[in-house]
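# Architecture and fold: a report
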Amino acid sequence: MNVLIDKFDVFAGGFWLTLQICILAAIGALVLGAIVAVLRISPVPPLRALGTSYVNVFRNMPLTVVMFFAAFGLPALGSNADFLRIPLLDSLFTRLGTDLPYFRFALIALVLYTAAFVCEALRSGVNAVPAGQAEAARSLGLTFGQNLRHVVLPQSWQASIVPLGSVIIAMIKNSALAGFFGVVGDLSATADQLTGAEGYAFIPVAIGISIGYLIMTVPLGALLDRIEKRQAVAR
Amino acid sequence: MDDVTTGEPLIVLDAVNKWFGPLHVLDDVSLSVGRGEVVVVIGPSGSGKSTLCRTINRLEPINSGTITFDGQPLPAEGKPLAKLRSEVGMVFQSFNLFAHKTILENVTLGPIKVRKEKPAAARERGLALLDRVGIANQADKFPAQLSGGQQQRAAIARALAMQPKAMLFDEPTSALDPEMVGEVLDVMTSLASDGMTMVVVTHEMGFARHAANRVIFMADGQLVEDAPPAEFFANPRSERARDFLSKILTH
């Protein structure tokens, strides 16, 4: 088990990189998922169809395939996803700005894939709000946007938060795929590096990276349990 | 009223048809409601009276026919429809007060967001309306803390806050405990005597008798009778109306 102590800095580096992917992907997926959710509940049929198609495609396709499309499809189309080199953000998350585009490709795949699930979690919250609330808002003359903002979303948040948390936990675990699509140095690539190139025994390394993922997911799960209990009491 | 078109009806339904799948809920319904008129719609359950009420502000779209409000056909979508709805107050069977907002916030949301009134002015008018319906002392509570009768009166105040040209009531007392029906009907009666144009779907025959200008009787999606209340209750012309009245008035 010496590898955990000897190579602590490698594990810590992998943890930090995975955390960066997860933070950025979570933000991106929440924003994109919210937009798709608004499309799916919009009163305009073509927008609804667009939202529904998005969810159908990305919810039903394996993440591995989405990653393939991002890592090999985008370069084939001549894009290095340079639009993600967002000033300021790339000084905080340095991998966004590097010449190797694989961090950005993995991020795109993770955001596109997770957004479909975020959309559905948000929508289940919206559906939990009694239909009469939106009807009353419409009857007052509130527009679709005002209705969402002032009446429906403030009430749907409560019902969305727990499924949303589960989606983010799944996303953290899914981020492990990034290491197999060219992202050097995240937690899963760390395992590959230590066992393959440096010859460390597999089981201690696997325990090490597991601890890394659990440090991110277990507190999030505990937080969700607490929120759920508080909601049960309030009800 | 400073309206130059006085004398023209405010709400006109012409040959309106609506289906829910195979069910013909509104069968060639034509109806006009004059300004200041109080029309009570009665009929057995499933007769289409709630649907009729909900088509007037397009909560239910129709399959054929036309509905005009204040001389304009109902807009299909978007901002024009929102504007129309802001001019037609709606009161629901299940109140539908915004559960996450206080009673006063319920009443002021429309004026502030739709009419762009100053919050202070909207609050002042909101409090006056709550006072009018007798629940000014509940202004800062949440809907769930109020009795059904109080909630429904708050819902009426919320609709009135938009200064609507007409008010629609979709079975406003059907979800209330019996002892609370009276307080809601009192508010509605006072509205009627103030000259508000009202379409009221209800089972309260007492209200129909003393507050309505006309009683509409519906059955199977059709408008079967349209008569002043005294005439309707004393002398219903159709077999179905006689049958309906005999069932509800003998108890």
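Along each chain, residues carry numbers from 1 onward, in the same order as the chain's sequence is written. Here every chain gets a letter starting at A, and every ligand a number starting at 1, in the order they are written. Whole-chain, interface and lining totals are the exception, using all residues; otherwise, since this is a predicted model, local features are given only for residues with pLDDT of at least 70 and side-chain atom pairs are given and counted only at 80 or more. Only hydrogens and water are removed before side-chain values are computed, so all heavy atoms of the structure are retained for them.

### Looking at the overall build of chain A
The helix and strand inventory of chain A stands at 10 helices and zero strands. Counting from the N terminus, the helices are the DSSP runs of H or I reaching at least four residues and the strands are the DSSP runs of E reaching at least two. Start at the N end of chain A and walk to the C end: the helices and strands fall as α-α-α-α-α-α-α-α-α-α. Each residue is assigned to one of three classes by its accessible area relative to the maximum for its type, calculated with a 1.4 Å probe on protein chains only: buried under 20%, partly exposed between the two thresholds, exposed over 50%. In chain A, which comprises 235 residues, the proportion classed as buried is 46%. Contacts: residue pairs with any heavy atoms within 4.5 Å of one another. For chain A, the proportion of contacts with a sequence separation of at least 24, taken over those separated by at least 6, is 75%. Here chain A holds 15 positive side-chain charges and 12 negative ones, and the gap between their average locations is 14 Å. In this count, Lys and Arg are taken as positive residues and Asp and Glu as negative ones, while His and the chain termini are left out. For charged residues, the charge sits on one atom: NZ in Lys, CZ in Arg, CG in Asp, CD in Glu.

### Section: the sheet that holds strand S8 (residues 197–201) of chain B
Residue and element names in this part refer to chain B. Two strands pair if DSSP finds at least two bridges between them. If you trace the six strands from one edge of the open sheet to the other, you get S6-S7-S8-S3-S9-S10, paired in mixed fashion. At either margin of the open sheet sits one strand with a lone partner, and together these are strand S6 (88–91) and strand S10 (222–227). Going from strand to strand, the sheet's axes swing by 15 degrees on average, the running direction of each strand aside. In this sheet, S8 lies alongside strand S7 (residues 166–170) in parallel orientation, the contact comprising five bridges. Each bridged residue has a counterpart across the sheet, and for Ala166 the counterpart in S8 is Thr197. To obtain an axis, a line is fitted to C-alpha atoms, over the contacting stretch when the element is a helix, and the angle between two such axes runs from 0 to 180 degrees between their N-to-C directions.

### Some details on a nonpolar patch on the surface
A cluster of nonpolar side chains, contributed by Phe202, Ile203, Ile207, Ile211 and Ile215 of chain A, occupies part of the molecular surface with about 500 Å² of accessible area. If you trace the backbone, Ile203 of chain A turns up in helix H10 (residues 202–234). Only residues whose relative accessible area exceeds 30% and that take part in no salt bridge are eligible for patches, with like-charged residues grouped when within 9 Å of each other and nonpolar side chains (Val, Leu, Ile, Met, Phe, Trp, Tyr) grouped when within 5 Å. Computed with the Shrake-Rupley method and a 1.4 Å probe, the accessible areas treat only the protein chains shown as cover for residues. Throughout this description, the term salt bridge denotes a Lys or Arg side-chain nitrogen within 4 Å of a carboxyl oxygen of Asp or Glu.

### Re unusual backbone geometry
Leaving glycine aside, a negative phi is the common case for residues, and trans is the common case for peptide bonds. Residues and elements named next belong to chain B. The phi angle at Ala15 is positive, at roughly 50 degrees, despite the residue not being glycine. Relative to the assigned elements, Ala15 resides in strand S1 (residues 11–20). On the basis of relative accessible area, Ala15 is assigned to the partly exposed category, the value being 28%. Notably, Asn96 is not glycine yet its phi reads approximately 55 degrees, a positive angle.

### Some words on the interface of chain A and chain B
Every contact between the two is made by 17 residues of chain A and, on the other side, 24 residues of chain B. Of the roughly 1700 Å² buried at the junction of chain A and chain B (both faces included), carbon and sulfur atoms supply 60%. Three residues, Ser139, Leu140 and His150 of chain A, lead the burial of chain A against chain B; their summed loss comes to 35% of the area buried on that side. The interface formed by chain A and chain B includes one salt bridge. Summed over both partners, buried area is the accessible surface (1.4 Å probe) that two parts give up on being assembled.

### Observations concerning the confidence of the model for chain A
As a per-residue measure, pLDDT reflects the predictor's confidence and takes values from 0 up to 100. Averaged over every residue, the pLDDT of chain A is 89; residues scoring 70 or more account for 98%. Helix H3 (residues 45–60) of chain A holds the highest mean pLDDT among the elements of chain A, 96, whereas helix H5 (residues 89–92) of chain A holds the lowest, 76.

### Regarding the pattern of salt bridges
In a structure, side chains of opposite charge can pair up when their charged atoms sit close to one another. Residues and elements named next belong to chain B. Applying the stated criterion across every chain, the model contains 21 salt bridges over all chains. For Glu60, the salt bridge identified is with Lys18, shortest N-O distance 3.9 Å. Of this pair, Glu60 sits in the loop between helix H1 (49–55) and strand S4 (64–69) while Lys18 is found in strand S1, placing the two residues 42 residues apart along the sequence. As far as the burial class goes, Glu60 and Lys18 line up, both buried. Across the pair Asp70 and Lys165 runs a salt bridge, and its minimum N-O distance is 2.7 Å. Of this pair, Asp70 sits in the loop between S4 and strand S5 (72–73) while Lys165 sits in the loop between helix H5 (148–160) and S7, and the two are 95 residues apart along the sequence. By sharing partners, the salt bridges in this structure join Arg35, Asp70, Lys83, Glu87 and Lys165 into a single network.

### Topic: the confidence of the model for chain B
Residue and element names in this part refer to chain B. For chain B, mean pLDDT is 91; residues scoring 70 or higher make up 96% of the total. Below a pLDDT of 50 lies the segment residues 1–5, which in the model reaches four contacts outside its immediate sequence neighbourhood of four places, other chains included. We note a pTM of 0.79 for the whole complex and an ipTM of 0.89 for its interfaces.

### A short note on the packing of helix H2 (residues 8–41) of chain A against helix H8 (residues 144–174) of chain A
All names here are of chain A. Between H2 and H8, the least distance of the axes is 11 Å, while the angle of their chain directions is 135 degrees. Classified by the angle their axes make, H2 and H8 are oblique. In the packing of H2 onto H8, the handedness of the crossing is right-handed. Counted together, Cys22, Ala25, Ala26, Leu30, Val38 and Ile41 of H2 and Phe144, Leu148, Leu164, Ile168, Met171 and Ile172 of H8 form the full contact between these two elements. Here the word oblique covers every angle except those under 35 degrees (roughly parallel), over 145 (roughly antiparallel) and from 65 to 115 (roughly perpendicular). A crossing counts as left-handed when the near helix is turned anticlockwise from the far one by less than a right angle, and as right-handed when that turn is clockwise.

### Quick look at helix H4 (residues 63–76) of chain A
Residues and elements named next belong to chain A. Between the first and last residue of a helix there are one fewer steps than residues, each counted as 1.5 Å, and that sum is the expected span. Between its first and last C-alpha, H4 extends 19 Å over 14 residues, near the 20 Å set by a 1.5 Å rise per residue. The bend at a residue is defined as the angle formed between two axes, one fitted to the seven residues ending at that residue and one fitted to the seven starting there. Remark: the principal bend of H4, roughly 25 degrees, maps to Ala70. Contact partners of the buried residues in H4: H3, helix H6 (102–128) and H8. Just past H4, the residue Gly78 takes up positive phi, approximately 85 degrees.

### Notes on the side chain of Lys101 of chain B
Tracing the backbone through its elements, the reader meets Lys101 of chain B in the loop between S6 and helix H3 (103–113). Beyond its immediate chain neighbours, meaning those up to four positions away, Lys101 of chain B contacts His150 of chain A together with Asn106, Leu109, Phe142 and Pro143 of chain B.

### Some words on the sheet that holds S5 of chain B
Hydrogen bonds along the backbone pair up the strands of a sheet, which may run parallel or antiparallel. Residue and element names in this part refer to chain B. With respect to topology, four strands assemble into an open sheet ordered S2-S1-S4-S5, the strand pairing being antiparallel. Since the sheet does not close on itself, it has two edges, and those belong to strand S2 (23–33) and S5, each with one partner. Sheet topology note: the S1/S2 ladder contains seven bridges and is antiparallel. By the bridge assignment for S2, Val16 is matched with Val29.

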